[in-house]
Amino acid sequence: MAISSEEIYETLGMIHAQNLDIRTVTMGVDLHDCAGPDIRRVARNAYDKVMRMAGKLVPTAEAVAGEYGIPIVNKRVAVTPVAWVAAACETRDYTLIARELDRAARELGIDFIGGFSALVQKDMTPAGEALIRCIPRALAETSRLCASVNIGTTKAGINMDAVGLMGQMIKEAASLSADTSGSACARLVVFCNAVEDNPFMAGAFLGAGEGDGSLSVGISGPGTIRAVVQAMGRELDLQTVAEEIKRVAFKITRAGELVGRKCATRMGVAFNIIDLSLAPTPAPGDSVADILEALGLDKVGSPGTTAALALLNDAVKRGGAMATSHAGGMSGAFIPVSEDATMARRVAEGALTLEKLEAMTAVCSVGLDMVIVPGDTTPETISGIIADEAAIGMINKKTTAVRLIPAPGKSVGDTIDFGGLLGGGPVMPVSPHSCAVFIRRGGRIPAPLQGLSN
Amino acid sequence: MTTKPKQEKIQGNIRLMAAHARSVAATRGKTEGNRIVIAVIGEDRPGIMAGVTAVLAARSANILDVSQTIMSDLFTMVMLVDIKAISVPFAGLKTDLEKHGQEAGLSIIVQHEEIFKAMHRV
């Protein structure tokens, strides 16, 4: 049956008036076969392999975007966690690998390369700990490299030694990028229940069970969903609204799947997953907070915010899951403060607090994301925030993450602008009460009963 | 006076319809990529369609369907075009159409038909 004019108008409206785009095509590149004792050799192998596998990524994505008339905002590469690749190296300074991966990203013209990562949810190998300690310098010496560390899972519990260490590393990364208000921290995320096929940054890496090369897609489309919710007015009941969100999510996902499959076919690699996440950008109207407010909240952060987000998150997943057989990655609404203009404004107005954001992360993906905190926040307090988020993820069998920026020299009342997709926002107040003794205990929070699922 | 066809004949026809649907579904993948949708939006005046169709004809693109209306005082046209036999690469046709749009003060959007099918058909 032919496509009707109305359907064509609807698609044109979604793309040209409501910012519908494909947020990212992310190419996964396995680096296990690059390992060896000589770090220079390993770094060279990694550079060569990324260049070889992802060489056509940018031109392919641009050609496909042109043919289907739908923008692909970011092109990215996710690699095997470098802590695994570098484990056999004689040195414990892995920054050369970081620089070589960054060089590959620059030369390919991609936006980010992720995978300067370690998975230490139960304990740290010497390589895992060494990688974590390299992160601040690795980020300071690069511009497109992203780092991530998984410090807990529902099955393993929470590695509180690693949580303590990450508090220090985030502070160090901030101080090494003090001239840009700690912007290096925007490329560093701490996970509980990290996903191994996530196409979104800063947390993308290619896990152990993945193939040699594959392509994943992250969809976007908060503007499209807001337009639909807004058009429904203020009277309809929530079931009806959820149903409508589901229908739009289906369409958005189908567009993403088509684009992803075409890119994968042309590059001769497998299509991996489509991530059904609503990812906001600082552009006007491209905001998850706007959807929540269109649902009937005066300001995001008010009572009802968590419930509205839960409804939104589930409706998107329902529509998306019907549209693709390969949903994966994070698949949930993102609530990054600095990347969502309305979210940032509500924080500045005092309507949205850190504690409310934490509650919201219990019902969506992915965590306290792009939250700017005062520069004098202690490492232990940062670790405490990480531990709280990880506990939510561990108990609820979901991914949670923390991407905090303790902006050096800045305090509550200051506003910071990182530019581009990272956006900007106000410095948020943090509880002044200390959790230092709790953090310094170290050890492991045992895996919860929820982990005993067999 | 007409009589109702026999039940067996109706059943036979339904089976034929189902077989036809299956054969159409089977060829779906093979014809993909050959058809594009062109949307043209602009101030209404004589010659808009003539201008766009001239660009298409000169490159051997075959118009399959046209729907045109005036929406909020703006000329709005959607065309379905077969590009199987075009004399230039798709990217070139797209650029030429967009260039024509700029010269004629029209907004011309060119997209493969597949994206619409993917989004609006289960």
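Residues numbered from 1 in each chain as written. Chains lettered and ligands numbered in written order. Predicted model: local features only at pLDDT ≥ 70, side-chain atom pairs only at ≥ 80, totals over all residues.

### Quick notes on the overall build of chain B
The secondary structure content of chain B amounts to four helices and four strands. Of the regular secondary structure in chain B, the N- to C-terminal order runs α-β-α-β-β-α-β-α. Taken over C-alpha atoms, the radius of gyration comes to 20 Å for chain B, far larger than the 14 Å a tight globule of 122 residues would show. In terms of principal-axis extent, the alpha carbons of chain B reach across some 60 × 35 × 25 Å. Residues counted as buried form 24% of the 122 residues belonging to chain B. Considering only intrachain contacts with a sequence separation of at least 6, the fraction spanning at least 24 residues in chain B is 67%. (Helix = DSSP H or I, 4+ residues; strand = E, 2+ residues; numbered from the N terminus. Rg over C-alpha atoms; globule rule 2.2 N^0.38 Å. Buried ≥ 20, exposed ≤ 12 C-beta atoms within 10 Å, placed from the backbone. Contact = placed C-beta atoms within 7 Å.)

### Topic: the nonpolar core
Where a protein is soluble and globular, its nonpolar side chains tend to be buried together. All names here are of chain A. Counting 185 residues, the largest nonpolar core has Ile 97 and Ile 151 as its most contacted members. With 12 residues, the single largest contributor to this core is helix α9 (residues 238-267). Setting aside residues up to four positions removed in sequence, Ile 97 forms contacts with Ile 39, Val 42, Ala 43, Ala 46, Val 82 and Ala 86. (Core = buried A, V, L, I, M, F, W, Y, C linked by C-beta atoms within 7 Å.)

### Here we look at the interface of chain B and chain A
On the side of chain A, 16 residues touch chain B, which itself brings 20 residues to the contact. Put simply, the parts of the chain that give the side of chain B that touches chain A at least two residues each are β1 (35-43), β2 (62-71), α3 (90-104), β4 (106-112) and α4 (113-120) of chain B. In terms of residue count, the dominant contributor to the side of chain B that touches chain A is α4(B) (eight residues). Residue composition of the side of chain B that touches chain A, by class: 11 nonpolar, four polar and five charged. (Nonpolar A, V, L, I, M, F, W, Y, C, P; charged D, E, K, R; others polar.)

### With respect to the sheet that holds β4(B)
All names here are of chain B. Taken in spatial order, the four strands line up as β2-β3-β1-β4 in an open sheet, and their pairing is antiparallel. In this open sheet, the two edge strands, each paired with only one partner strand, are β2 and β4. Shown here is a sheet whose adjacent strand axes are inclined to one another by a mean of 15°, direction ignored. Bridge count for β1 against β4 is seven bridges, and the pairing is antiparallel. Of the residues in β4, the one forming a bridge with Val 40 is Ile 108. The sheet contacts of α3 involve β1 and β4, and relative to β4 the element is tilted by about 165°. (Pairing = 2+ DSSP bridges. Axes fitted to C-alpha atoms, helices over the stretch in contact; angles between N-to-C directions.)

### Focus: the pairing of strand β6 (residues 188-192) of chain A
Residue and element names in this part refer to chain A. The element β6 is extensively covered by neighbouring structure, given that five of its five residues are classed as buried. Where burial is concerned, the two faces of β6 agree: the one with Leu 188, Val 190 and Cys 192 and the one with Val 189 and Phe 191 are both buried. Relative to β6, strand β4 (residues 145-153) runs parallel, the two sharing five bridges. What sits directly across from Val 149, in β6, is Val 190.

### With respect to the environment of Ala63(A)
With respect to the helices and strands, the residue Ala63(A) is situated in helix α3 (residues 57-68). Residues Ala63(A) and Val337(A) lie 274 residues apart in sequence; the distance between their C-alpha atoms is 32 Å.

### Quick notes on the confidence of the model for chain B
Residues and elements named next belong to chain B. Overall, the prediction assigns chain B a mean pLDDT of 89, with 93% of residues at 70 or greater. Of all secondary-structure elements in chain B, the lowest mean pLDDT belongs to helix α1 (residues 7-31), at 80, while helix α2 (residues 48-58) reaches the highest, 95. With pTM at 0.91, the complex prediction returns an ipTM value of 0.82. (pLDDT = per-residue confidence, 0-100.)

### Overview of the packing of α9(A) against α4(B)
Viewed as axis vectors pointing N to C, α9(A) and α4(B) meet at an angle of 140°, and their least axial separation amounts to 7 Å. Viewed along their axes, α9(A) and α4(B) adopt a mutual orientation that is oblique. For the pair α9(A) and α4(B), the sense of crossing is right-handed. Judged by residue contacts, Lys251(A), Arg254(A), Ala255(A) and Leu258(A) of α9(A) engage Glu114(B), Ile115(B), Ala118(B), Met119(B) and His120(B) from α4(B). Its residues assigned to classes, the contact of α9(A) with α4(B) shows five nonpolar, one polar and three charged. (Parallel < 35°, antiparallel > 145°, perpendicular 65-115°, else oblique. Left-handed = near helix turned anticlockwise from the far one by under 90°.)

### So, unusual backbone geometry
A cis geometry characterises the amide bond from Met201(A) onward to Ala202(A), with omega recorded as 15°. Locating Ala202(A) in the fold gives a position in the loop between β6 and β7 (213-219). Phi at Met370(A) is positive, roughly 55°, even though this residue is not glycine. In this fold, Met370(A) is placed in strand β10 (residues 367-374). Judged by local crowding, Met370(A) falls into the buried class, with 25 C-beta atoms found within 10 Å. For Ser72(B), which is not glycine, the phi dihedral falls at a positive 45°. Mapped onto the fold, Ser72(B) is located in the loop between β2 and β3 (74-82). Classification of Ser72(B) by C-beta neighbours within 10 Å gives exposed; the count is 5.

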